[in-house]
Amino acid sequence: MVLKQVNPREFKWMDSILPGVTKLFSGKVVLYDDESKKVFLASKGVYNVLSKLHIPVEWIGVFFAEVGEEIKFGFYVAEKYSKFGKKRVVVTKFGEEKFLYRRNLTKKYISSFSNDISKGDIVVVTNKFNEALGFGKAMFSSEEGIKEGTLVKNILDRGFFVKH
Amino acid sequence: MRSNYPNFFLERLKNLFGSNFNKVIAAYSRKPTKAIRINTTKVGVNRCLSRLRAKGYVLSKVPWSNYIFFLMREPKPISTTVEYLMGYFYVLDPASTLPPIELSPSQNDLVLDMAASPGGKTTHLSQLMNNKGTIVAVDSNKERLDSLKNNIERMGAQNVIVLNADSRNLQKIGVQFDKILLDAPCSSDGTMAKNPELRKKIKKEDYARFQKLQKSLVKSAYNLLKKGGILVYSTCSTAPEENEEVVEFAVNELGFKLLPLKIGKYIDKGMVSFFGQKHSQFLSKCGRVVPFKYNTQAFFLAKLVKV
Ligand SMILES: C[S@@+](CC[C@H](N)C(=O)[O-])C[C@H]1O[C@@H](n2cnc3c(N)ncnc32)[C@H](O)[C@@H]1O
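Conventions used here
- Residues numbered from 1 in each chain as written.
- Chains lettered and ligands numbered in written order.
- Predicted model: local features only at pLDDT ≥ 70, side-chain atom pairs only at ≥ 80, totals over all residues.
- Heavy atoms only, no water.
- Contact = heavy atoms within 4.5 Å.
- Buried area = accessible area lost by both parts, 1.4 Å probe.
- Salt bridge = Lys/Arg side-chain N within 4 Å of Asp/Glu carboxyl O.
- Polar contact = N/O pair within 3.5 Å; in protein donor to acceptor, adjacent residues only side chain to side chain.
- Helix = DSSP H or I, 4+ residues; strand = E, 2+ residues; numbered from the N terminus.
- Nonpolar A, V, L, I, M, F, W, Y, C, P; charged D, E, K, R; others polar.
- Pairing = 2+ DSSP bridges.
- Buried < 20%, exposed > 50% of the residue type's maximum accessible area, 1.4 Å probe, protein only.
- Axes fitted to C-alpha atoms, helices over the stretch in contact; angles between N-to-C directions.
- Parallel < 35°, antiparallel > 145°, perpendicular 65-115°, else oblique.
- Left-handed = near helix turned anticlockwise from the far one by under 90°.

Asker: Just give me the short version of the interface of chain B and chain A, but keep the residues and values in it.
Answerer: Facing the 33 residues of chain B at the interface are 33 residues of chain A. Where chain B abuts chain A, roughly 2900 Å² becomes buried across the two surfaces, and 62% of that area is made up of carbon and sulfur atoms. Sorting the residues of chain B by area buried against chain A places Leu85(B), Glu153(B) and Gln158(B) first, and these three jointly supply 22% of that buried surface. Taken together, the connections running from chain B to chain A amount to five salt bridges. For the pair chain B and chain A, the interface holds eleven residue pairs in polar contact (both at pLDDT 80 or more). Going through the elements one at a time, helix 3 (45–54), helix 4 (82–85), strand 6 (134–139), helix 7 (145–155) and strand 7 (160–164) of chain B are the ones with two or more residues in the side of chain B that touches chain A. For the side of chain B that touches chain A, the residue count by class is 17 nonpolar, eight polar and eight charged. The sheet contact formed by strand 4 (residues 57–60) of chain A and strand 7 of chain B spans three bridges and is antiparallel. Note that in strand 7 of chain B the partner of Val57(A) across the bridge is Leu163(B).

Asker: Describe in detail the pairing of strand 5 (residues 62–67) of chain A, supporting the description with residues and values.
Answerer: Residues and elements named next belong to chain A. Most of strand 5 is tucked away: five of the six residues are buried. Two strands pair when backbone bridges link them, and strand 3 (residues 38–42) and strand 5 are joined in this way by four bridges, in the antiparallel orientation. Each bridged residue has a counterpart across the sheet, and for Phe 40 the counterpart in strand 5 is Phe 63. When strand 5 meets strand 6 (residues 71–73), the two strands line up antiparallel, connected through three bridges. Each residue of the ladder has a partner; that of Ala 65, found in strand 6, is Phe 73. Connecting strand 5 to the next strand, strand 6, in antiparallel fashion are three residues.

Asker: Now, about the packing of helix 9 (residues 205–224) of chain B against helix 10 (residues 244–254) of chain B: what can you tell me, with residues and values included?
Answerer: Residue and element names in this part refer to chain B. For the pair helix 9 and helix 10, interaxial distance at closest approach is 10 Å and the crossing angle is 40°. As summarised for this structure, helix 9 and helix 10 are arranged oblique, according to the angle between their axes. The interaxial crossing formed by helix 9 with helix 10 has right-handed handedness. Residue-level contacts link Gln 211, Gln 214, Lys 215, Val 218, Lys 219 and Tyr 222 of helix 9 to Glu 245, Val 246, Phe 249, Ala 250 and Leu 254 of helix 10. Tallied by class, the residues present in the contact of helix 9 with helix 10 amount to six nonpolar, two polar and three charged.

Asker: Summarise unusual backbone geometry; cite the residues concerned and give the values.
Answerer: Between Ser117(B) and Pro118(B) the backbone carries a cis peptide bond, its omega angle lying at 0°. Of note, Pro118(B) is situated in the loop between strand 5 (110–113) and helix 6 (120–128). Positive phi, normally seen in glycine, also occurs at Asn130(A), with a value near 60°. Note that Asn130(A) resides in the loop between strand 9 (122–126) and strand 10 (132–138). A relative accessible area of 22% means that Asn130(A) is categorised as partly exposed. Here the phi dihedral of Ser104(B) falls at roughly 45°; this positive angle occurs in a residue that is not glycine. Position of Ser104(B) relative to the elements: it lies in the loop between helix 5 (98–103) and strand 5. Exposure remark for Ser104(B): the relative accessible area of 33% places this residue in the partly exposed category.

Asker: Give me the environment of Gly44(B): which residues, what numbers.
Answerer: On the secondary structure map, Gly44(B) appears in the loop between strand 1 (34–38) and helix 3. Once the C-alpha coordinates of Gly44(B) and Tyr67(B) are considered, the two residues, 23 residues apart in sequence, prove to be 9.2 Å apart.

Asker: Talk me through the sheet that holds strand 2 (residues 58–61) of chain B; I want residue IDs and the actual numbers.
Answerer: Pairing between the strands of a sheet is mediated by backbone hydrogen bonds and can be parallel or antiparallel. Residues and elements named next belong to chain B. If you trace the four strands from one edge of the open sheet to the other, you get 2-3-1-4, paired in antiparallel fashion. Here the strands that pair on one side only, and so sit at the sheet edges, are strand 2 and strand 4 (89–92). Across the sheet, the axes of successive neighbouring strands diverge by a mean angle of 35°, strand direction being ignored. Sheet analysis places strand 1 next to strand 3 (residues 68–73), joined by four bridges and oriented antiparallel. Looking at strand 3, one finds that Ile 36 is bridged to Phe 69. Across the sheet, helix 3 touches strand 1, strand 2, strand 3 and strand 4, and the angle it forms with strand 1 is around 135°. In this fold helix 6 packs onto strand 1, strand 3 and strand 4, with an angle of close to 35° to the strand it touches most, strand 1.

Now the structure itself:
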């Protein structure tokens, strides 16, 4: 991996996907690896060490997102973004279990949602403690409300860590 | 149950543990007690405990820390709970929580973890540093890096740089470190309770082979440390060849000075004579965990300063 420092403004477009997400860059150095298309964040201290290392790096502390054809935000973003209270779907106890098993969400698994969701949006899925379980794609809008069928498609969930 | 072990191994253990030999063998035949290290960068200890207790897990504090708990009852694999998935704790052998506590890195330190995967200790160091400072975590085995990365992400460790390299060859790395953890590759003969298959695999020659690797890693650590920098060396082996002899080499050949352990009162002292030979008296400052003391793996650690 060859990590280069980039101007955070280059990723301003991320705000059109998750409003305000680039606020999470604040106080951090934004790093990008052209080959894997991965974006990482580093503190100034970590970046200072990184810039002195003469050995290729495999990974660094905060994985932010992968910006291939579609953007894939990492768990760090889910966790921090859930605190914003935006684009959020809260699941029930059973919803939590299902979602952590890669499942999509239907009405019975959803207990509430924020009022800013449009169809096709990326949403943060949390449990009742506002713990971020991952990301989903909304198949409903807050305005219309939730009805039948799949309402949130699972994109990423922390069940990923079961096998590790 | 003794018949499961090669004779040379039983002889070694008798020699090393004397009247405690039977206790060691008995401990190797039991299921070892696991521990959880609560990730205080993400969750309060009481909150994590009450959530797990509500699910039927029974936890009791280890004597040397207030955020590490023996797992006494596990109604369902604890690594399937949402609390685990959130990175609220790491599941590990209780003894392997000792080296990071002993190294005790501060928030401004530049720390090297020379044998890092799967990251039990890297993420512990990160927690002790409150995600500040910098840790360079190295492992030579590419296949083991995924588990390291995943644990870093699950636990939310933010100050880690991962390198895939042989820690014997880091001369050109470009920085020097305040603190180094060398949780060395070893025969792992202290983990027979958890890995019974090792009983068949262990060979006499293993000890000399690992010692050679360990000595070159310790030498590399010496070169990478700043003056006054601290090295904590640990293994999950019972063998003095991989433990006291390596420390003796570090002191006598490299010029390290051995320091007393602050967690010393919870564990046994290093051996100063073994296999009929007297060794340096200073080795008593090393620490050993016998497997029957806390029903853990056998463990060894030493703290050294580059003077
Ligand atoms: C005892 S394990 C480390 C466990 C780890 N510290 C933890 O707490 O999760 C030893 C590790 O050393 C690695 N290793 C072996 N030889 C190495 C070398 N020459 N340089 C770097 N790493 C090495 C192995 O791949 C293995 O992951």
